[in-house]
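# Per-entry structural report
Residues per chain are reported as follows:
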Amino acid sequence: MEICGQIVSGEHGEIFIRQKSGETLEIGEMLAVGENPISIMMVYDLTYGSQLSQGNLELASGMHIEGMGAGLSFMEENLQNYVIAKVKAVAYVKKNVNGKYEASIPKSLPQFFSKVRKVTSADFEFLSDGKNAEHSLYLGCLRSGSSRLKDMEITIDGPDALTHHILITATTGRGKSNLVKAMLWKLLDKEYCGILVLDPHDEYFGNSAAPGMRDHPKAKENVVYYSPSASAPKGSITLRINTKSVKPWHFNGVVNITDAQSQAMHLIYQRYRDDWIRKMFEESAEAASLAFSDERTGGKSGIEAYLESRGVMEGTFAALKRKISVALDIFEEGGKIIEKGVFTTKETGIGAADDILAALESGKKVIIDTSRLSSYAEILVGSIIANKVFEKYAEYKSAGTLDGKPVVSIVLEEAPRVLGASDGEINVFGRIAREGRKFKIGLIGITQLASLIPREVLANMNTKIILGNEMEAERRAIIESAAQDLSTESKMIASLEKGEALVSSIFTKFAIPIYTPLFNDIVKETKAAESKQPVRKYVGSDD
Amino acid sequence: MPSKSIFDFSNSGDAAKNEETKEKKAPREKHKREAPRSAAAHKHEISKSKIAQPPAPVPPKKEGTIRFAHLADCHLGAFRDDTLRELNIKAFENAIDKSVAEGADFIIIAGDLFHTNVPDMRVAERCARKLRHLKEKGIEVFVLYGSHDYSPNEKSIIDVLKGAGLFNKLGGGEYVGDKLKLKPSEFRGIPIIGLLARTSGLEKSDYEHLDTEALEALPNPKIFVYHSAIAEYRPSFLKDAECVPLSLFPKGFAYYAGGHVHERREVDERGYGTFVFPGHTFGADFRDLESDAEEAPGFYIVDIESGAINLHFVPVEIPEIMLADFKADGKGALEFKEELQHWANGGNFAGKIVMLRVAGKLASGKPNEVELEKIRETVLEKGALVCVLNRGSLSSAERLAVQIDTSKSKDEIEREIIGEFVSKASFKDDALNGKKGAELAISLSGALKQEQRANETKDTYHRRVFGDVRKVMDSAEGQK
Amino acid sequence: MFDNCVSKIADILSSQSASFEAGAPYFADSHYKAIPFDVSNFRKFAPKRNGSTLCFVDGGNLDIVSAPNFSIQFLRIASVAFKGGKRLPLSLPQRIESIALVTHASDLRKFKVQYFPLDDGQRQYLPQDFEISKSSFSNSQDELAQHPISAAGGAARKFAEWNYGARIIRECLDKGDIFVRDGALQVGLEGEEKFATDAYAAANDKGVIFSGFAKTSTLVTTTGFPLTASVQMLANKHNVGGAWYYAPLAENQNPRHLGDIFVGKFFEHSPYAFRFEIHNGAGREVGAIFEEIADNSRDLSFPGYPYGLVVADKLARVEMGERDALQARIKLQLSRVKGIRECIAATDAHKIISGL
Ligand SMILES: Nc1ncnc2c1ncn2[C@@H]1O[C@H](COP(=O)(O)OP(=O)(O)OP(=O)(O)O)[C@@H](O)[C@H]1O
Ligand SMILES: [Mg+2]
Ligand SMILES: [Mn+2]
């Protein structure tokens, strides 16, 4: 056992450890006392300690730097000056006679003056004790300060964590996307969850320049990739959503719609059902192409006249149509319907939403490249699918068949866009955040600005993966809503390097420091382990 | 018996589901009469002749134009009913005749020419005759295996006819390493490439390994023939079908001649070309016939004219199809029977295909007391070519009133209940009746009841269950 | 007002310092014959010999619980040794810890001192229990004068220091090694001389240099100026730079003070000069001894003062915090002694008052 320090004083939550000379303790480093039971502690602050008074030290320094200190040095520097680490005990682990671990939140202090050592992977065996590997959710490897315990993979229970939502926060470039990539990669061959990724940077599927989910050996079976781009890689499905899949309520909390417009929308829907959007554009396109005003309708399309007969104010329809037009990227020019985005009134994309739902329901991972979509359209696409999943799962729940279904989780980049405080109606994502777990639906929110997410929603995101963040206000927002008391970890969070994170979850006994390897390295590793492809035969061709 | 079509009409499906399928199908608004089915009208009929606006006639072929016909999913040999089977063949013959009449230089049949790989010889003979006729006229035919007439381990009628020199078989190629290299056929300098289909969408991995670069390098105009559903165009009735995404297709073909999806569709796809599914020529099951009632099936005449593609849809001539829907909800069996009888007696069915669908829950009495067979007889007497009954969704409020002896084991109770139900029902297919029917039901439910094993992926589980079910079905078929 | 009176004080003091040079070391005791200052008596250090060990000893004691009839003291003697700049572990315990109980002896003119080491194994390093005249601690013969019973704890400590030092010299040091005790070599207490003599004998036997380092000195000059300060000012005045030592200061005939007195400056830039004494200094390579000590006095924590003494002091010091803990434990034990509360109450009223 390598001693790296000794407990010299302190109190619960603030234990002082004198660092052994030659050792270097780091903020975030995990230390341990004892073998069984083990107290696991985490360094959250470091200060200098000295046997000399401040005045003495200053004088000594003065002698040195003012040139009067030739030949002077500290005789036994290690004894006189040293580093004091402030640590807090995070877990108390006992292995009982039948080899089972019992981990608890420490309620007592470790023995005074105990010798302290660095942790080893073995100290964390309790984390994987009794876990169902099939249901695991990979997050990275254990980290102690900046050193990585590569052989200690950190996983949490997937179904639990996913349905109770995950929030991933960091300032830009600290590795949020990298972490999600790693997470998805390891989830690809797990059937317990379907994951929908709304990918505004088109970074998750991969391309020839950067690897992604498509490089996974199971990609063909388990990854579905939608992209609106005609030059998207092979195997991708062109993202096209028929307006028949779009329902009035999908706009809730996505597009700002007035009560009057909402009423008009529902009236149109009642009349035309699935064709309501097509009708809105077609009819007025027809009217426009006639190029003269019709006496009976006073130049209005049939829908307008119909709405007015139902007491909808003049002008409401036009305003509504404009909003829907912008959201869907469908425009009307000179009597023609121009579809610039992924929504179409034509005959394609009819099954898209159903296909995505079906894929999710069978535990696949669906990535939607929304990089070319307007923010509105992206959220609308998400809203349509999320609504579908929600409706379907609610159905399963009432039929009592929800148990056999995989969990569905939705990855949202820049989560405050959809989870942020709004005065209007709560959108489907807000609903999922609040009550999704009853239906086995969860969110994986990614953000730089957790503070923009309402406290209530933040509190509902029961696993927080906190990467580096130098913004104090952001750290505060996260810490205040974390599952563990992280008040002393703020500094540490500020100093996290790329890929380093702290996982605070109601499903972990303590906030676990992790490091998520660079995704490219994970890919390389998997590739190396991959077996040779079988020889293929094209059967049925005899000539 | 070959695999069941993914389009097969489910006799045991409930009314609501069929209703939904209909609703969600994306028909051409203009060709379809717009008349929602109201609950008040107990029955509702659609006759094809009333709704299908005849499409514009095909313009005469111009000088320098290459014209070809594109058919798919003829499913020759489908239907057990003699009349329907004959009508199906006739529709095919009509399509060929029309192709000849329109001056087609060649014909592409994009899969499922036959309903099975080894069809009834009479059917094969009729087809061969027609093909020989084409040969004599010098019209070349290019045929691709479909999902129905392909067999992984036996020869197919397609091989026989090809061997007889009656057509060119598309879909040749081989794997070179990890790449599938397809061998182009050719008609007057136009490359025609086919990717053959396999049962239940297994060709998808061929698409994934397709050497598209080589195909894209071929000179245009060129034609890509395939027999697969395309993910982006998947109609909602093809819910669980394996689909191929567009991105796996080679780009830049003037024409993508599709088959497999029994619904007409033409799409100009940016970066690719024109994708066309002609739909079936007659159909292979009752759902197909129902869609035929709304819109005439047919095929495409395609002109390649200085690189441009012009499409002309040509309907085939088939008898008028009449759809009749009756709802039994809240009625007594006898009352319902009278209502049907009244309709049958007053109808004019001469020369029509009548599709009679009864659904709903009888307030009293049992479904067999409605005596649908008798009604069918009346319809036939009144001149119908064929009367197709769909009564799977007709149920009785009394249906669950079964005496259960709790001293018996679960399996025994199950056998008894199934036995009781089967004895009350009468199916046209005798294999489903009596003790044989009950045994079949029990073995089937046994096969379907299996749970996924711990070490099994979803895919292998599906395959295992599917295989077991097929074994049950095959042996039932074999006993006949 | 305040500034005014301080300024007057400053005037008086400066008139004193102006005349420092006129003076000579002043010794009240007739056993010393002062030698006037002479700038030629400054000496540079000589190169040190290699391989010798430097050993420092210091002690500390603190009254834990006391009453007019007893005093319970905690005492701790510590040593530290260096060789070649590195700490050298000795075979003797580094610290000796003991309780000393002082009570009135049956001869009421005396105190009785008993050692109770915390570790029985350390009894051997402590002196025998002893009795000592109360008059050693009081200049007055007045019966009513305070007999600070707790002051006897100092004797217990001093004797223990000598005793422990002698053991170290015998068991751990060799010829040429230097032994440094904290404080001058003068003995004052009744019975102390016996211990000093034993220690010197040990040093003589082994060829060890026995020295004393006084961190404070009350010696003054005939003009009333501090001795060490005067020597420094003399050096400054005559531009004697660097590290140096000064001797002789006096002819020492005091039988209770067997050491030669030096004043030394151990680090050039240090503002401090210290009194340093060597037993049997004559005939020794004094310059080399000074260099040896100087070499140990280059620690940044207190340049010019031996690091070994800093360490020994720290090791031996009994902290107030420690005292409180000990006190609590002792009082708990004592609570079963009848009348003890009343005894303690006789002297601890000041505590209560200062706590008000
Ligand atoms: N674990 C890691 N180890 C080393 N480098 C990493 C790691 N994670 C990320 N990086 C590097 O940091 C860069 C930014 O990472 P990433 O895109 O994941 O950050 P982000 O937090 O998602 O940023 P943004 O806020 O811009 O979306 C990556 O290009 C990668 O090279
Ligand atoms: Mg990112
Ligand atoms: Mn087919």
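Because the structure is predicted, anything quoted here is derived from the model rather than measured.

Conventions adopted
- Residues numbered from 1 in each chain as written.
- Chains lettered and ligands numbered in written order.
- Predicted model: local features only at pLDDT ≥ 70, side-chain atom pairs only at ≥ 80, totals over all residues.
- Heavy atoms only, no water.
- Helix = DSSP H or I, 4+ residues; strand = E, 2+ residues; numbered from the N terminus.
- Expected span 1.5 Å × (residues − 1).
- Buried < 20%, exposed > 50% of the residue type's maximum accessible area, 1.4 Å probe, protein only.
- Arc of directions from axis to C-beta.
- Contact = heavy atoms within 4.5 Å.
- Buried area = accessible area lost by both parts, 1.4 Å probe.
- Salt bridge = Lys/Arg side-chain N within 4 Å of Asp/Glu carboxyl O.
- Polar contact = N/O pair within 3.5 Å; in protein donor to acceptor, adjacent residues only side chain to side chain.
- Near = heavy atom within 4 Å.
- Areas by Shrake-Rupley, 256 points an atom, 1.4 Å probe, with all protein chains shown as cover.
- Phe/Tyr/Trp six-rings, centres within 6.5 Å; stacked < 30°, edge-to-face > 60°.
- Domains from an automatic or database assignment.
- Pairing = 2+ DSSP bridges.
- Donors = N, O, S within 2.8 Å, 3.2 Å for Na, K, Ca; no water.

The next thing to look at is helix α4 (residues 121-137) of chain B. All names here are of chain B. Its 17 residues give α4 an end-to-end C-alpha distance of 24 Å, which sits within 8% of 24 Å, the value for a rise of 1.5 Å per residue. Val123, Ala124, Cys127, Ala128, Lys130, Leu131 and Leu134 are the residues of α4 that are buried. An end-on view of α4 places all buried positions within 165 degrees of arc, on one side of the element. When the buried face of α4 is taken as reference, the exposed residues oriented beyond 90 degrees from it are Met121, Arg122, Arg129, Arg132 and Glu136.

In this section: the interface of chain A and chain B. In this complex, chain A contributes 31 residues to the contact, which on the side of chain B involves 46 residues. Buried surface at the junction of chain A and chain B, both sides included, amounts to about 3,200 Å², of which 43% is carbon and sulfur. Residues Asp355 of chain A and Arg234 of chain B are paired through a salt bridge, measuring 2.4 Å at the closest nitrogen-oxygen approach. Scanning the region where chain A abuts chain B turns up ten residue pairs in polar contact (both at pLDDT 80 or more). Contributions of two or more residues to the side of chain A that touches chain B are made by α6 (219-222), β13 (237-238) and α11 (352-361) of chain A.

All names here are of chain A. Around ligand 1, the surrounding shell holds 14 residues, and the nearest of these are Thr172, Lys176, Ser177, Asn178 and Thr516. A distance of 2.8 Å separates an oxygen atom of ligand 1 from a polar backbone atom of Gly173. Here an oxygen atom of ligand 1 and a backbone polar atom of Asn178 are 2.8 Å apart. Protein contacts shield 69% of the accessible area of ligand 1, which totals 630 Å² for the unbound molecule. Ranked by residue count, the leading element in the shell around ligand 1 is helix α5 (residues 176-187), at three residues.

Another point: the packing of aromatic side chains. Residue and element names in this part refer to chain C. All told, the structure shown has 66 aromatic pairs over all chains when counted by the stated rule. Considering the side-chain rings of Trp162 and Tyr200, the 5.8 Å spacing of their centres and the 85 degrees angle between planes classify their relative orientation as edge-to-face. With Trp162 in helix α2 (residues 152-172) and Tyr200 in helix α3 (residues 192-206), this residue pair connects regions lying 38 residues apart in the sequence. With relative accessibility at 2%, the residue Trp162 sits in the buried group.

What follows is about the domain arrangement of chain B. Residue and element names in this part refer to chain B. Domain annotation of chain B identifies domain 1 (57-315), domain 2 (321-404) and domain 3 (411-478). Taken over C-alpha atoms, the centre of domain 1 sits 38 Å from the centre of domain 2. Domain 1 puts ten residues into the contact, and the matching count from domain 2 is eight residues. Interface area, domain 1 with domain 2, both sides summed: about 800 Å², of which 80% is carbon and sulfur. Looking only at domain 1, the three residues that lose the most surface to domain 2 are Leu289, Glu290 and Ala293, adding up to 46% of its buried area. Across the domain 1-domain 2 interface, the total number found is one salt bridge. Ionic pairing is found between Glu290 and Arg357, a salt bridge with its closest N-O pair at 3.3 Å. Between the two partners, domain 1 and domain 2, sit one residue pair in polar contact (both at pLDDT 80 or more). Among the elements that take part in the side of domain 1 that touches domain 2, helix α8 (residues 286-294) stands out by supplying five residues, more than any other.

All names here are of chain A. With respect to burial, strand β8 (residues 136-144) is a largely interior element, nine of its nine residues being buried. Bridge count between β8 and strand β9 (residues 147-157): eight bridges; the pairing is antiparallel. Across the sheet, residue Leu142 finds its bridge partner in β9, namely Leu149. Counted between consecutive antiparallel strands, the loop separating β8 from β9 contains two residues, among which Gly145 sits at a positive phi close to 65 degrees.

Glancing now at the interface of chain A and chain C. Of the residues lining the interface, 18 residues belong to chain A; the matching set on chain C comes to 16 residues. In total, chain A and chain C occlude about 1,400 Å² of area from one another, counting both sides; carbon and sulfur atoms represent 62% of this. Interface area lost by chain A to chain C is led by Leu72, Met75 and Glu76 of chain A, which between them contribute 41%. A salt bridge links Arg87 of chain C to Glu76 of chain A, with the nearest nitrogen and oxygen atoms 2.5 Å apart.

Moving on, we get to the coordination of the manganese ion (ligand 3). Residue and element names in this part refer to chain B. Protein ligation of the manganese ion (ligand 3) involves Asp73 (OD), His75 (NE2) and Asp112 (OD), the donor distances falling in the range 2.1 to 2.6 Å. The sequence pattern describing where the donors of the manganese ion (ligand 3) fall on their chain is D-x1-H-x36-D. Of this pair, Asp73 sits in the loop between β2 (66-71) and α3 (82-101) while Asp112 sits in the loop between β3 (106-109) and α4, and the two are 39 residues apart along the sequence.

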